[in-house]
Structures are given as C-alpha cells and as structure tokens.
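Chain by chain, the residues:
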Amino acid sequence: QNQENAPHKEQTRGEKKNKKKMAPTQQQAKQARAKVLSTGKQPKASIQRYLKSTEAQLVEKEAKSVLLLRGIRCSDAMTTVLRDMRSMNAPNAKLLNKNNQIVPFDDEGQLSLEFLTTKNDCSLFAIASSNKKRPNNLVMGRTFDHQVLDMVELGILRYKSMNDYAGMPKKRVGSKPMMLFVGDAWHLDTECKKLQNLLLDFYRGDPVEKLVLSGLDHAMVFTAVADAPPLQQPGLDNATTLLIHQRTYYCKLKKNTTGGSGSAPLPYLTPSGPDMDFRVRIICIMCYLLIVLGTVIISLLSCHLFSYFGLNVSSWCTSSTIMCPQFPLFCCFIPSIYICSCISF
C-alpha cells in the first residue's frame with residue numbers, strides 16, 4: 001500500500017511546486033525583512049531569488065502583466081471592452097469579473113489598485129465604469145515599485161468589438177503588434193506624448209531583439225484628429241476637438257511577384273477589431289513630491305528676496321498688531337503652491 005501511494009504523493013508535491021506563487025504585498029515584505037533582522041537568519045535561496053524577481057526594475061526583461069477591473073457600475077458594453085483587451089494582451093492579462101468599489105483618482109482608490117496589482121503580480125491596470133456623468137469611462141494606468149505611477153482617463157465615444165468581425169481572421173495569442181501613430185499631435189502635444197508612451201507600454205508584449213516576418217500578424221493604428229467636430233456627449237468635455245481613432249487590422253503577408261527573389265513580401269490588411277474612438281479626459285502624473293519640494297524652495301527664496309531688498313515684513317506685522325514673525329514665509333507659501341502645481345502639471 002505504501003508503494004502504491006508513493007506516486008500519488010510525488011504527483012501532489014510536483015503540483016505544489018508548479019503552482020504559481022503570488023507576489024507578496026508591501027506589508028508582507030516588511031514583515032519578512034523585520035523577521036530576518038530580529039532573528040538574524042537569512043531566508044532560503046529559493047525565497048531570496050523569488051523576492052528579487054518581484055522587485056522593481058528599470059528595464060523590464062519580460063512582458064508586463066495587465067489587470068482588468070470593473071468599476072462601481074460597469075455596463076455590458078464596457079465589459080466587452082475589457083474582454084477584448086484581455087484577448088489582445090493574452091496570455092499576460094487577468095480579468096476580474098466582480099465589481100469593485102474603486103475611484104481611481106482618490107487616495108483610497110489608489111491604495112486599492114496598488115493592493116490588487118501587487119497581489120496579482122501585475123504592473124499595468126485598466127478599470128472600466130459607466131455612469132450618468134461619465135458614460136463609457138476607461139482608466140488605464142501603470143505602477144512602479146508597487147505604487148501608482150500615472151493614469152489616463154478616456155471617454156469612449158464609439159466601439160466595435162472583435163465579435164462584430166465574425167468570420168475574419170484574428171491575431172494569434174502572444175503575437176506582438178505593429179503600432180502606428182498618425183498625426184502631428186503625437187509629437188507636438190505633451191498629453192498625447194504621455195498617452196502614446198502608455199499605449200506602447202500596454203500593448204508591446206514580450207521585449208525581443210529580433211523578429212520573424214511570419215510572426216507579424218496584426219497592426220494597431222492610432223490616429224489623432226485635431227480638427228474633428230466635437231461630438232455632443234453627456235459628461236464629456238465637448239469643447240475639446242482632439243479625437244483619437246484606434247483601428248486594428250489583421251496582416252497577411254503574400255509573395256511579391258513584381259520584385260526579384262530577394263524582395264520583401266507584400267502585406268494585406270483586413271479589419272479584425274477591436275476599433276474605438278475616444279477622447280482624453282484626465283491625465284494624472286504622481287508628482288506630489290515635486291510640488292512639496294518646489295513649494296519649500298520657492299518660499300525660502302522669496303524670504304531671501306524680502307531680506308535682500310530690505311523689506312522687513314515681520315516688523316511691519318508687529319507694528320500692525322499682527323504678531324506673526326513667520327508672516328513672510330506664509331505670504332510666499334500660498335503663491336508658491338500655485339506656481340509649482342502649474343509647472344508640474
């Protein structure tokens with residue numbers, strides 16, 4: 001009997017080894033470090049290698065994983081958007097089906113996003129929602145060192161899913177896209193530059209050094225139209241004229257009969273979806289540290305300027321029955337906040 005049960009035990013051990021481990025949260029990592037410092041014992045080599053693999057890297061050597069979430073209220077159309085995004089980013093995408101009480105641009109919402117991305121070992125995220133004030137809302141963002149780095153809020157005006165192109169050939173799982181950005185706004189407008197960087201990071205897939213032509217099977221085209229008439233949609237900034245069109249095509253390479261033997265093949269594009277038209281609502285970059293440091297520096301410089309030109313504001317405050325020797329710093333503090341926020345955002 002023991003010999004019969006031995007293969008079953010080995011199988012269960014192998015399943016436990018092959019089971020994917022989840023990334024530790026910041027609290028778990030701190031507890032592990034505190035335990036090492038208190039006991040003086042180093043963790044096992046396998047645990048050290050795993051913790052090192054989950055640390056933040058300046059240059060990612062593997063594909064970034066995407067976490068797709070549903071917001072407080074998510075319509076069927078936005079759920080279809082998330083499913084198509086999972087198909088485009090497969091196998092490096094995870095979709096959670098339950099609604100989440102998350103407001104991305106609040107402090108509590110950002111903490112929830114940081115917890116979920118850390119727990120699911122994902123550095124990119126997208127949360128879809130729809131309500132009366134902001135219909136068809138999509139928030140895309142990324143994290144660094146388990147903290148939210150930047151976010152972009154998009155308002156989707158028109159969407160055509162992959163199911164609408166029934167019978168058309170689709171991309172293979174894990175293939176890299178050819179991404180084309182059309183329009184002067186992508187290199188002239190700062191907001192479009194940030195959005196372009198995020199879209200490249202979102203759909204780039206595995207970083208590779210060489211490509212095989214047969215592996216290029218789809219192309220994504222993003223066209224920024226500056227002179228488009230504003231579409232009157234409730235909850236959108238109708239004064240903004242910049243409209244972005246996203247189109248996805250299946251690429252089929254055929255032999256070039258006109259050229260010689262060494263000529264490159266000819267690509268034939270057929271629409272495969274998903275296609276969408278959207279506008280940028282909010283672009284948020286986490287630079288609170290820059291605001292605080294800039295506020296302190298400008299306040300101190302302003303006080304030195306007061307003293308350099310002989311403006312003794314504190315004595316003026318004392319003579320006018322305002323007993324506040326820190327009044328020059330306070331006078332410079334409020335305008336410096338405004339100046340730094342304008343520079344950083």
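Look up a bit, the structure's there.
Reading guide: rules and limits
The residue numbering used here restarts from 1 in each chain and proceeds along that chain's sequence as written. The predicted nature of this model means local features are confined to residues of pLDDT at least 70 and side-chain atom pairs, given and counted, to a pLDDT of 80 or more, with totals for whole chains, interfaces and linings taken over all residues. Excluding hydrogens and water, the side-chain figures rest on all heavy atoms present in the structure. A helix here means a DSSP run of H or I that spans at least four residues, while a strand means a run of E at least two residues long, and both kinds are numbered starting from the N terminus. For each residue, the accessible area found with a 1.4 Å probe, counting protein chains only, is set against the maximum for its type, and the residue is called buried under 20%, exposed over 50%, and partly exposed in between. Take the residue count of a helix, subtract one, and multiply by 1.5 Å to get its expected span. Throughout, nonpolar core names a set of buried Ala, Val, Leu, Ile, Met, Phe, Trp, Tyr and Cys residues whose side chains join them through atoms within 4.5 Å. We call two residues in contact when some of their heavy atoms are within 4.5 Å. In this scheme Phe, Tyr and Trp rings, the latter by its six-membered ring, pair at centre separations within 6.5 Å, and the angle between planes marks the pair as stacked below 30 degrees, edge-to-face above 60, and tilted otherwise. Asp and Glu are treated as the negative residues and Lys and Arg as the positive ones, with His and the ends of the chain left uncounted. Salt bridges are counted wherever a side-chain nitrogen of Lys or Arg sits within 4 Å of a carboxyl oxygen of Asp or Glu. Any N or O atom pair separated by 3.5 Å or less is treated as a polar contact, with the protein-specific requirement of one donor-capable and one acceptor-capable atom, and with residues adjacent in sequence counted only for side-chain atom pairs. A strand pair is defined by DSSP finding two or more bridges across the two strands. Crossover handedness is defined here as right-handed if the route from the first strand over the helix to the second strand goes clockwise, with the strands pointing away from the viewer.

Visitor: Can you walk me through unusual backbone geometry in this structure?
Guide: Negative phi values dominate among residues other than glycine, just as trans dominates among peptide bonds. With an omega of 5°, the peptide bond between A90 and P91 qualifies as cis. Mapped onto the fold, P91 is located in the loop between α4 (76-89) and β2 (93-99). Of note, the amide linkage connecting G273 to P274 takes the cis form, showing an omega dihedral of 0°. Assignment of secondary structure puts P274 in the loop between β9 (266-271) and β10 (275-285). A positive phi angle, near 55°, is found at D121, a position not held by glycine. In this structure, D121 sits in the loop between α5 (107-119) and β3 (124-129). Assessed through its relative accessible area of 37%, D121 is described here as partly exposed.

Visitor: Is there a simple way to think about α4 in this case?
Guide: Helical geometry note: an α-helix holds 3.6 residues per turn, so side chains three or four residues apart project in the same direction. Counted at 1.5 Å a residue, the expected span for α4 with its 14 residues is 20 Å, and the 20 Å between its end C-alpha atoms agrees. Buried within α4 we find M78, T79, V81, L82, D84, M85, M88 and N89.

Visitor: Explain the nonpolar core to me, please; I cannot follow it from the model alone.
Guide: Counting 34 residues, the largest nonpolar core has M85, L138, M140, W186, L195 and F202 as the members making the most contacts within it. Here this core gets six residues from one element, more than from any other, and that element is helix α7 (residues 190-203). Discounting residues that sit within four places of it in the chain, M140 has contacts with F125, A126, D150, M151, V152, L154, L198, L199 and F202. Grouped together as the second largest cluster of nonpolar side chains are 11 residues, L67, L69, C122 and V148 included.

Visitor: What is the right way to look at the environment of S123 in this model?
Guide: Mapping S123 onto the fold places it in the loop between α5 and β3. Sequence separation of S123 and D145 is 22 residues, and the distance between their C-alpha atoms is 8.8 Å. The residues touching S123, leaving out its near neighbours within four places in the chain, are K64, S65, R142 and T143.

Visitor: Sorry if this is basic, but what is going on with the packing of aromatic side chains here?
Guide: We describe a pair of aromatic rings using the distance from one ring centre to the other and the angle between the two ring planes. Per the counting criterion, the structure on display carries three aromatic pairs. For the pair F181 and F222, a centre-to-centre distance of 5.2 Å together with 15° between the ring planes defines the contact as stacked. Here F181 is found in strand β6 (residues 178-182), whereas its partner F222 is found in strand β7 (residues 218-225), with 41 residues between them in sequence. A residue is classified by how much of its surface remains accessible, and F181, at 17% relative accessible area, is buried. For F222, a relative accessible area of 0% translates into the label buried. Each residue in the set F181, W186 and F222 is aromatic and connected to the rest through ring pairs, giving one cluster.

Visitor: Quick question: what am I supposed to make of the side chain of D84 here?
Guide: Examined against the element boundaries, D84 turns out to sit in helix α4. The buried charged residue D84 lacks any salt bridge, with R83 as its nearest oppositely charged partner at 8.0 Å. A polar contact of 2.5 Å, which involves the side chain of D84, links it to the side chain of Y159. Not counting the four nearest positions on each side in its chain, D84 is found in contact with Y159, S161, M162 and P274.

Visitor: Explain the side chain of K176 to me, please; I cannot follow it from the model alone.
Guide: Mapped onto the secondary structure, K176 falls in the loop between β5 (147-160) and β6. Although K176 is buried, it makes no salt bridge; D206 carries the closest opposite charge, 7.1 Å away. At a separation of 2.5 Å, a polar atom in the side chain of K176 contacts the main-chain carbonyl oxygen of R204. Looking at K176, its side chain comes within polar contact range of the main-chain oxygen of D206, at 2.8 Å.

Visitor: What is the right way to read the pairing of β2 from this model?
Guide: Regular strands place side chains that alternate from one sheet face to the opposite one. When strand β1 (residues 66-70) meets β2, the two strands line up parallel, connected through four bridges. Across the sheet, the residue bridging to V66 is A93, located in β2. With α4 bridging β1 and its parallel neighbour β2, the resulting β-α-β unit is right-handed.

Visitor: What exactly am I supposed to notice about the environment of T143 here?
Guide: Its place among the elements puts T143 in strand β4 (residues 137-144). Accessibility expressed as a relative area gives 13% for T143, which makes it buried. Remark: the alpha-carbon pair of T143 and F125, spanning 18 residues in sequence, is separated by 8.3 Å. Those residues in contact with T143 that sit more than four places away from it in its chain are T117, C122, S123, F125, V148 and L149.

Visitor: Which parts of the structure should I look at to understand the pattern of salt bridges?
Guide: Oppositely charged side chains are able to pair whenever their charged atoms sit close together. By the definition in use, this model includes eight salt bridges. Salt-bridge contacts for R134 lead to E153; the nearest nitrogen and oxygen are separated by 3.3 Å. Of this pair, R134 sits in the loop between β3 and β4 while E153 sits in strand β5, placing them 19 residues apart in sequence. The class of R134 is partly exposed, set by a relative accessible area of 33%. Across the salt bridge formed by R204 and D201, the nearest N and O atoms sit 3.2 Å from each other. The structure contains a network of salt bridges with shared partners spanning K64, R142, D150, D201 and R204.

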